[in-house]
Amino acid sequence: MEARTIRQRGPTGERRLSLLYLAPSLIIFAVFVFYPLGRTFYLSTMGTDIIGRANKFVGLDNFAGMFSDPGFFKALGTTALFALFTVVPAIVGALAVVLLLESRISGQRMFRTVFALPFAFSVATASVIFALIYNPAVGMANGILSHVGVDRIGWLTEPDLALISISITTVWMTLGYNVLVLSAGVGAIPAEVVEAARLDGATGWRLHSRITVPMLSPQLFFLIVISTIHALQSFGQIHILTKGGPDGATSTLVYWIYEKAFSYGSSDFGTASAAAIVLLVVVLACTGIQFGVLERRVHYR
Amino acid sequence: MSTSSSAASKIVVYLVLIVCALPVVFPLYYAFIGGIMTPSDLASYPPKLLPTAIDVGNYASALDTIPLARQYLNSAIQTGIVTICQLLSSVLAAYAFAFLRMWAKTAMFALFMVTLMVPWEAIILPNYLLISDLGLTKGPLTYLGLTLPFLAHAFGTFLLRQSFLQFPIEVRDAAVMDGCGHLRFLWRILLPLSKPAIAAVGVYVFMTTWNQYFWPLILGNDDQYKTLQIGVSMLNDAESSSPTLILAGVTLALLPTLVLVIFGQRFIIRGLTAGAVK
């Protein structure tokens, strides 16, 4: 890196200048990342008054209270289920679409754009549309099913179904992003590699399973890590579609944190911060495990 | 290649793609078509898939009912501030990492990368307390509260540094020979040649900021300073609003990012995959 230096000032002057260039970022990180991170740990040991101000040291009481709350463990389980229901289907679905698009057809770009469209939706716009689609009285989901004689379904009000309905919405939302990432990966596979395989007689499924998918392993690994992190952090679709209900059936860890801190008259920032630390640990652990288990199988070019 | 079996297999591929595309496109179709349907059309059961009459008045009422026009402006201000400032802070930091000597450069870069590993939801509560203690949740100061935590982000720095490191050495050497200073080199030579990377970061920041939900939700007390995303979800909560009105509002909120996805796809792809390829 030293070789890439414009040698006009002395080395010390240049080092000072580099600090100046880093300063805007460093200040924002200090105030809005590192300080809040420390304060999360601090708050997790504090009791809070009715408006959420820390007022007394309680040691590990917040953690003890949280770990004796069945609702908390239910939220952890719901979070795990939600990740399971969303991460794998959205990646497998996108991979299938991208491989189909590789069949040397015309209109490939148009189809790719169509499958990328959900990426344009925010969590709010997507969830509001799906709220209407799932609406038991006027929703399209029941409307379409009624043509084949299926009775009205309470997509968001049946405890066993609500999480699946939210997962469908999330898979739909994530699909566009995944298609874009995998398409870019396919585009970056050297043409010689594919041609060589074709000359050796590999076509269709064989070509994909031996060449395309292994060559996509960096993108697939990236998607697994990123989608798991996103799944663990999901909030908007739950807030808009079910508010954690029915009866806590869709309350994930982040939603549980939100309710502790912000639902009517709760303002329990102490317990919410303790749960935020659990979130931090879970996210870091999942990422770490995925790097440990999966990364060695990734084929980087 | 033009045997009948490959033609048949192409038709199968088309059919499968179209069948897969239907559920993907349906929510968008529903939002567009529902937004111009009459309330009675959309409220009939089973719902109609095609309108019997067209009613564009829903868009006007959506802009009136909740101050949606105002919230459009709020989102534009929020997204504009964050995108411009994050680009500036990222360009400067990336330049320092790519071209300047630095104390403890490796450790400093690691510090930037650490910020990427902290989930925002894990530090959102202390950030909320800080911003509300500073009084940035009231009136026009809400714009500061909405944007301050996002004025810098390590993702942009990371992506731009990658791009700067590929900058041709000869061009830089020629500039140095002419006695070109750092800011001049950055502004006049490096940035014009790095437009695709800048666009990739810009589009990415624009989309993530425009689409934010959790942070604007807990910050906005005052309807006048809520963002579009919150306004749209409030449309959904309000008992009085008809589905046609909600869908018109959703369509309006969706337009800017939809345009980006359709026309700015190559920049999006560039931004998305920077993390995927080592």
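As the structure is a computational prediction, the values presented were derived from the model and not from experiment. (Residues numbered from 1 in each chain as written. Chains lettered and ligands numbered in written order. Predicted model: local features only at pLDDT ≥ 70, side-chain atom pairs only at ≥ 80, totals over all residues.)

A.B. asks: Quick question: what am I supposed to make of the packing of helix α7 (residues 159-187) of chain A against helix α10 (residues 217-233) of chain A here?
C.D. replies: If you want to describe how two helices pack, look at the angle between their axes and the distance between the axes. All names here are of chain A. Interhelical geometry of α7 versus α10 gives an angle of 155° and a closest axis separation of 10 Å. On the basis of their axis angle, the class for α7 and α10 is roughly antiparallel. Crossing of α7 over α10 shows right-handed handedness. Mapping the contact onto sequence places T174, N178, V181, L182 and G185 in α7 and Q219, F222, L223 and S227 in α10. Of the residues assigned to the contact of α7 with α10, the class counts are four nonpolar, five polar and no charged. (Axes fitted to C-alpha atoms, helices over the stretch in contact; angles between N-to-C directions. Helix = DSSP H or I, 4+ residues; strand = E, 2+ residues; numbered from the N terminus. Parallel < 35°, antiparallel > 145°, perpendicular 65-115°, else oblique. Left-handed = near helix turned anticlockwise from the far one by under 90°. Contact = placed C-beta atoms within 7 Å. Nonpolar A, V, L, I, M, F, W, Y, C, P; charged D, E, K, R; others polar.)

A.B. asks: Looking at this structure, how should I read the UniProt feature "transmembrane region" (unreviewed entry) in chain B?
C.D. replies: Residue and element names in this part refer to chain B. Per the UniProt annotation, the sites labelled "transmembrane region" (unreviewed entry) are residues 12-32, 77-100, 107-131, 143-164, 185-207 and 244-263. Here residues 185-207 is 96% helix and 0% strand, with 29 Å between the C-alpha atoms at its ends. The distance separating the terminal C-alpha atoms of residues 244-263 is 27 Å; by composition the span is 100% helix and 0% strand. (UniProt positions renumbered as here; feature names shortened; annotations may be inferred.)

A.B. asks: I'm lost on the interface of chain A and chain B in this one. Help?
C.D. replies: The figure often quoted for interface size is the accessible area lost as the parts come together. Listed by partner, the interface residues are 79 residues for chain A and 78 residues for chain B. Counting residues per element, the side of chain A that touches chain B draws most heavily on helix α1 (residues 11-43) of chain A, which supplies 18 residues. Here the residues of the side of chain A that touches chain B are counted per class, giving 57 nonpolar, 17 polar and five charged.

A.B. asks: Explain the nonpolar core to me, please; I cannot follow it from the model alone.
C.D. replies: Looking at soluble globular proteins, one finds that nonpolar side chains tend to be buried together. Residues and elements named next belong to chain A. Among the nonpolar cores identified, the biggest contains 145 residues, and I257, A275 and L279 are the most heavily contacted of them. In terms of residues, this core owes the most to one element, α7, which gives 13 residues. If we ignore the near neighbours within four places in the chain, the residues touching I257 are A272, A275, A276 and L279. (Core = buried A, V, L, I, M, F, W, Y, C linked by C-beta atoms within 7 Å. Buried ≥ 20, exposed ≤ 12 C-beta atoms within 10 Å, placed from the backbone.)

A.B. asks: Honestly, the domain arrangement of chain A in this entry has me stumped. Any pointers?
C.D. replies: Residue and element names in this part refer to chain A. Taken domain by domain, chain A consists of domain 1 (13-60) and domain 2 (69-297). Taken together, the elements giving at least two residues each to the side of domain 1 that touches domain 2 come down to α1 and β1 (46-48). Among the residues making up the side of domain 1 that touches domain 2, the classes are represented as six nonpolar, five polar and no charged. (Domains from an automatic or database assignment.)

A.B. asks: Teacher, can you tell me more about the UniProt feature "transmembrane region" (unreviewed entry) in chain A here?
C.D. replies: In the numbering used here, UniProt assigns the "transmembrane region" (unreviewed entry) feature to residues 20-38, 80-101, 113-134, 161-190, 211-232 and 272-294 of chain A. For residues 161-190 of chain A, helix accounts for 90% and strand for 0%, while the C-alpha atoms at its two ends are 44 Å apart.

A.B. asks: What should I look at first to understand the domain arrangement of chain B in this one?
C.D. replies: All names here are of chain B. The assigned domain composition of chain B is domain 1 (21-55) and domain 2 (69-272). Relative to domain 2, the C-alpha centre of domain 1 lies at a distance of 34 Å. Domain 1 puts eight residues into the contact, and the matching count from domain 2 is eight residues. Among the secondary structure elements, those contributing two or more residues to the side of domain 1 that touches domain 2 are α1 (4-35) and α2 (39-43). A total of four residues in the side of domain 1 that touches domain 2 trace back to one element, the largest contributor, which is α1. Residue classes in the side of domain 1 that touches domain 2 are distributed as six nonpolar, two polar and no charged.

A.B. asks: Sorry if this is basic, but what is going on with unusual backbone geometry here?
C.D. replies: Excluding glycine, most residues fall at negative phi; most peptide bonds, likewise, are trans. Residues and elements named next belong to chain A. Of note in the backbone geometry, K243 takes a positive phi value of approximately 50° without being a glycine. Turning to its location among the elements, K243 is positioned in the loop between α11 (236-241) and α12 (253-262). Residue classification places K243 among the partly exposed positions, given that 16 C-beta atoms sit within 10 Å. Of note in this structure, D247 is not a glycine but carries a positive phi near 50°. With respect to the helices, strands and loops of the structure, D247 is situated in the loop between α11 and α12.

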